[in-house]
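Structure assessment
What follows is each chain in one-letter form.
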Amino acid sequence: MGSSMMKTTLREIRQSLGRYLAIMAIVALGVGLFCGLKVTRDVMVKSAQQYFEERQLYDISLLSTVGFDTDVAKQLSRREKVLDAQGAVSTDALLLDAQGKESALKVYSLLDQQNLPVLVSGRMPQNAQECVVDAQAFGKDAVGTMLTLSENNEEDTEELFAHKQFHVVGTVNSPYYANYERGTTSLGNGTIRGFMLVLKDAFDCDYDTEIFVRLNTEGAAIYSEEYDAQIDEVESWLEDFAQQKADERYQRLKADGEEELYTSRQQLLSQTQKNQLELEASRQQLSRAEGTIADGKAQLEIGKSQLISGKAQLQAQRQQILQGLNQARTAKSQTAGNAYLAQANAQAQAQEQQLQASLTQVEGGLRQMESGLDQLEIAQSELELQEQQLQNSQTELEAAQREYDAGLLQYKEGSRRLSEGVDEANQQLDEAQDELDELEEPDVYLLGRDTNIGYASFDNDSSIVNGIANVFPIFFFLVAALVCVTTMNRMVEEQRTQIGVLKALGYSEGSIMGKYLFYSGSAAGLGCLIGFFGG
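Residues numbered from 1 in each chain as written. Predicted model: local features only at pLDDT ≥ 70, side-chain atom pairs only at ≥ 80, totals over all residues. Heavy atoms only, no water.

**Some remarks on the confidence of the model for the protein chain**
The predicted model of the protein chain has a mean per-residue pLDDT of 78, with 70% of residues at 70 or higher. Segment residues 339-348: pLDDT under 50, and five contacts once partners within four positions in sequence are set aside and those in other chains are kept. (pLDDT = per-residue confidence, 0-100. Contact = heavy atoms within 4.5 Å.)

**What about the pattern of salt bridges?**
Under the counting rule described, the total for this entry stands at eleven salt bridges. Among the ionic pairs, Arg449 bridges to Asp59, the shortest N-O distance being 3.2 Å. You can see Arg449 sitting in the loop between β11 (444-448) and α8 (453-494) and its partner Asp59 sitting in the loop between α2 (17-55) and β1 (60-68), a full 390 residues away along the chain. For the pair shown, Arg449 and Asp59 are each scored as buried. With its nearest N and O atoms 2.8 Å apart, the salt bridge here joins Glu130 to Arg123. When its relative accessible area of 31% is taken as the criterion, Arg123 is described as partly exposed. (Salt bridge = Lys/Arg side-chain N within 4 Å of Asp/Glu carboxyl O. Helix = DSSP H or I, 4+ residues; strand = E, 2+ residues; numbered from the N terminus. Buried < 20%, exposed > 50% of the residue type's maximum accessible area, 1.4 Å probe, protein only.)

**So, α2**
With 39 residues, α2 should cover 57 Å at 1.5 Å per step; its first-to-last C-alpha distance of 53 Å lies within 8% of that length. Following α2 by one or two positions, Gln56 adopts a phi angle in the positive range, close to 55°. (Expected span 1.5 Å × (residues − 1).)

**Some remarks on the pairing of strand β9 (residues 192-198)**
In summary, the side chains of a regular strand alternate between the two faces of the sheet. When you tally the buried positions in β9, you get six out of seven residues, the bulk of the element. Relative to β9, strand β4 (residues 102-109) runs parallel, the two sharing six bridges. Following the sheet pairing, Leu105 is matched in β9 by Gly194. When strand β6 (residues 130-134) meets β9, the two strands line up antiparallel, connected through three bridges. What sits directly across from Val132, in β9, is Leu197. (Pairing = 2+ DSSP bridges.)

Next comes the structure, spelled out in structure tokens:
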């Protein structure tokens, strides 16, 4: 293009600067959008990688159906390419908030080297009864409230916790959850509301439910083939290691269970025999007491018979003595009267002496009768004392009978309880044996970051942005091309006279066409440069 043509073209640009800038702007917009969207995924991934590295997100999580011993993580941390390995305890649980609303939460033990949470409000837990919760699910108003384990949890879940209530001291965000999804569960309505982090002492658990592992990936970018290759490199031996440790724990648990069951059965047998001996001794003691009571009853009946007979004899003797005493007194009165008559008659002195002797004999008999009566009174007192003793014996015998009845009842109750206790203990031992027999060999699972919902969702979202970058800018390019063609067609139509003059002056069609191509091409080129650096 000659200098004169160039001057003409530059003059045209100045005269139609608005049109020129419009072409440049539409091209810059399309290129800027394309370039911006193309680098968006890389920027997103870089930001995510920086965040995950700062929060030290795990690379691989090891799970086992029987858990892992607490020293396995330390052993694993000494292996090649392993930066850190930490054991953790986690479970799904139903908890009640301050309003009594029940929801399912994922409860994790806090780690000090991996999956570090970002404190949003409050502070971190300092004892086993404090916790921090999901900032997205609860908000800062939850700080200071209490979370309580619901009674609707399974027994195994309740036994996993050392405490039933937890004081919320802060809210956090966790790198374990990179988006709003919290996962699903078999509890409650099937949706996990959020997560809760506690100290490991909050769990009454002597093993780890999972092990988080961070690897030396040599700086490979996340979501890249290099990163996947680094993970694949360690997965084979890591799975063998985890399977070996799980098998060792399984064998030990089964052996310990068998030994514990054997010991429990022996203790049950020994205790049962001891209780049976005690019951037998009690039965024999009751039998002796029953015999003693029977002998006491027989002796009491004999004593009662003797007492009744003695009373009858004593009564008969009393009647005889009283009758003889009355007769003696009558005889004495008669003898005394005769003696008085004999005194009145001087001639009957001999008869008087005889009557006096008879009176002396009668008085002696009377004294004997009175003495016998006194002896009867003494015998009566003895009989009354014997009767009192019999009554005391009767009372003692009744008390012994009541004691025997109570002992017999206790013996029967003890025998029943022993039988029921033995049956229940045997049933529990049989159930434990069944559970031990049903204990299957452990399965081990290696879960990479790609199984984490937040991590995978972020990859999916960034890939969607990258897909948009490949499709969406095409529409802007088509619009820009359409605008350029339309603008240039109008420009050519408006300058048909000028084009004819240029031809008349001897300019070739190529030179004339170059003028318009330079006009549109320069606008598009400048637009591309501005869009590239601006996007």
